Structure formats: structure tokens, C-alpha cells
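Next come the chains, spelled out residue by residue.
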Amino acid sequence: MIIAKEISKVKENVREWKKQGLSIGLVPTMGYLHEGHASLIKKAREENDRVIVSDFVNPIQFGPKEDLATYPRDFDADCRLCESIGADLIFNPEPCEMYEDDFHSYVGVNTLSEGLCGKSRPIHFNGVCTVVTKLFNITEADRAYFGQKDAQQLAIVRRMVRDLNYNIQIVGCPIIREADGLAKSSRNTYLSENERQKATILHKALEQGEKMVRDGETDANKIVKTVRDIIESEPLAKVDYVEIVDWNELQKVDKIDGPILMAVAVYIGKVRLIDNFIVENSIVIEMV
Ligand code: AMP
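Here the structure is a predicted model, which is why all the values come from computation and not from measurement.

Draft legend 1. Highlighting the UniProt feature "binding site: beta-alanine" (unreviewed entry) in the protein. When the UniProt feature table is mapped to this numbering, "binding site: beta-alanine" (unreviewed entry) covers Gln61. Of note, Gln61 is situated in the loop between β3 (50-55) and α3 (75-85). Discounting chain neighbours no more than four positions away, the residues touching Gln61 are Met30, Glu66, Arg121, His124, Gly127, Val128 and Val131.

Draft legend 2. Main features of the packing of aromatic side chains. This model, assessed by the stated rule, comprises five aromatic pairs. Consider the rings of Phe62 and Tyr71, whose centres lie 6.0 Å apart with planes at 80°: the pair is edge-to-face. Grouping residues by exposure puts Phe62 and Tyr71 together as buried. Aromatic pair Phe103 and Tyr106: ring centres 5.5 Å apart, planes at 90°, arrangement edge-to-face. Since its relative accessible area comes to 21%, Phe103 is described here as partly exposed.

Draft legend 3. Looking closely at the sheet that holds strand β5 (residues 143-147). As summarised here, the arrangement of the six strands in space is β1-β4-β3-β2-β5-β6, forming an open sheet in which the pairing is parallel. Each edge of the sheet is formed by a strand with only one pairing partner; in this case those strands are β1 (2-4) and β6 (169-173). Each adjacent strand pair in this sheet contributes to an overall mean axis angle of 25°, direction not counted. Inspection of the sheet shows β5 paired to β6 by five bridges, in the parallel sense. Across the sheet, the residue bridging to Phe146 is Gly172, located in β6. Sheet strands in contact with helix α2 (residues 35-47) are β2 (24-29), β3, β5 and β6, and its direction is about 155° off that of β5. Relative to β6, helix α7 (residues 151-163) is tilted by about 165°, and along the sheet it contacts β5 and β6.

Definitions and limits used
- As a convention, each chain's residues are numbered from 1 in the sequence order in which they are written.
- In keeping with the model being predicted, local features are shown solely for residues with a pLDDT of at least 70 and side-chain atom pairs are shown and tallied solely at 80 or more, while totals for entire chains, interfaces and linings include all residues.
- Side-chain calculation: all heavy atoms of the structure are included, whereas hydrogens and water are not.
- UniProt positions are given in the numbering used here, feature names are shortened, and annotations may be inferred rather than shown by experiment.
- Counting from the N terminus, the helices are the DSSP runs of H or I reaching at least four residues and the strands are the DSSP runs of E reaching at least two.
- Any two residues whose heavy atoms approach within 4.5 Å at even a single point are treated as in contact.
- For Phe, Tyr and Trp, where Trp contributes only its six-membered ring, two rings pair if their centres lie within 6.5 Å, and the inter-plane angle classes them as stacked under 30 degrees, edge-to-face over 60, or tilted in between.
- The buried label applies to any residue whose accessible area, calculated with a 1.4 Å probe on protein chains only, is under 20% of its type's maximum; exposed applies above 50%, and partly exposed to all values in between.
- DSSP bridges decide pairing: two strands pair if at least two such bridges lie between them.
- Helix axes use the C-alpha atoms of the stretch in contact, all axes being lines fitted to C-alpha atoms, and the angles between their N-to-C directions lie in the range 0 to 180 degrees.

Written as C-alpha cells, this is what we have:
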């Protein structure tokens, strides 16, 4: 597996692969890889001749009071995982390689970026869209893999690709969970043992929401209230948001009569966790 720290080294390899007519799959990550990331890399491995994993804690998607400095990192372990799955190249640039001192160009998707996580993280999705654009251009990937875990991100990247005519296919991948239902996340390592146990409340609450949808409930506010009440029954949990939005425009809905995303963001102690489910045609879907 090739380890590339420089953009030029990635481009050299991409040029060679393109010359040979090989397809390229890209998995953008911030590292500290777990089985959630591994599932994306495996899917990319199945569907492409060459697989690039980017491993970059992107500073411009963090707000000033967020966890950029403390975000967990273990590049050696990431390399071992990528190699074991058969990735061809891991791209691990320094921030100055991606953003020169006089960097001034940003990409953003209006409206879709404003609700849900965008409310408390106003610059986040512009940072995501900008780094993803750079990665698409550097890797010239045919396909890029994103997890439903970050459903708003997936919807925004899909819209950006459509709106701006990027020549890339976006592949959504299902949420990988711990045995007790907690969605896997690099940030789970911030949780104390007690918080880790209490964090299962997100999945438990969403399961109840899913059940209501499956049983035919179409009143979105009723489902939101039930899910919120379950989460708030846990004293350590503080709700940032619990919302049902339509899965295309990410706008709040009162009645479920099309594809919807039910998304939650909850502080367990000081750790902010997100989780969600998506319903299409009254079916809770595993793949998006
Ligand atoms: P991150 O390193 O957190 O930026 O995540 C990189 C990619 O992995 C994103 O597309 C995430 O949605 C995806 N991802 C993270 N956690 C999971 C999970 N538990 N299941 C599936 N995909 C995930």
C-alpha cells in the first residue's frame, strides 16, 4: 500500500492508473478508523480497480470551540486496517499541504447545510464540501463512499455533485453499530465508561421512532416527541436536536408522506453524538 503525504504523489499514481484504464474508488475519512470506515473501504474494494483512503482531520470543518486539537489520531493503526482490506493508497496530508497560507476558495451548499447539524455547526458543511471537492479533484475518483451515519453530509455531497456536475458517483453505505446499538464513531472514545453505557439511549429512542413509522404513524411531531422524551429520560443526555425532515431537501415535515430522515444530535456529558434512520416508501432502509 502506498502512503502519500503529498498531493503530487497521489496525482502521480492516479495518472498512471488512469493511463491503464483503471477505475478509482475514494473513501474520505478523518482517520482513527473503525469498522464503520472499514465497511466503506470494503465496498470500495469490491467495486473499483484501485482504492484510495484519505485520512485527514480537516481543520476548516471544525468551529473555534470544537475538538480539532483533541480529535483522536492513530495513523499506524489506520495504515494496518487499510492494508488488511486491500486499499491501494492512503493519503495523509498535513493541513499546510491542503491549505496554503493564501487559500481563499470555498464550496458550499445552501439551505441543506442550514438545519440539523448546520444550526450548531454553521461553518461545518462548507468545510466538508471544500475538502471533498479537493479530494475529488486530486484523486479523479469514479466513485466516492460516504456513510449514512452522517446523513446530512451524504445528502449535501450528493446535491453538490448533482448541482455542480461533478463526474463522480456517490455511494451511500449503512450505519455500522456496536453490539448494543450505539453507532460506531471515532468520537465514542471520548465517552467515560458510564457515559458509554448511557449513550445507547440514542439508538433505543430511534428504534421506538422506527417502530412507530413501521406501525403506520404519519404524524411526524408525535414521533419526534416520543423519541425526544425517551432521550430526555436519561439524565446525562442533553438534546441538541430531534427532527424529522424530508430526505431530499432536509426541511422539517409535519406529516410523513414521502422519504424522510429522522436525525438526532445529543450530548452525553460533553460528547456530541449523532444518529438517524431513513424511511422510503414506508420502509426503514438500510442502504441509501
Ligand atoms: P469520519 O472519519 O468520521 O469523517 O467518517 C468518514 C466516513 O465514514 C463518513 O462518510 C462517515 O459517514 C463514515 N462513517 C463513520 N462512522 C460510520 C459508521 N458507524 N457506519 C458507517 N459509516 C460510518
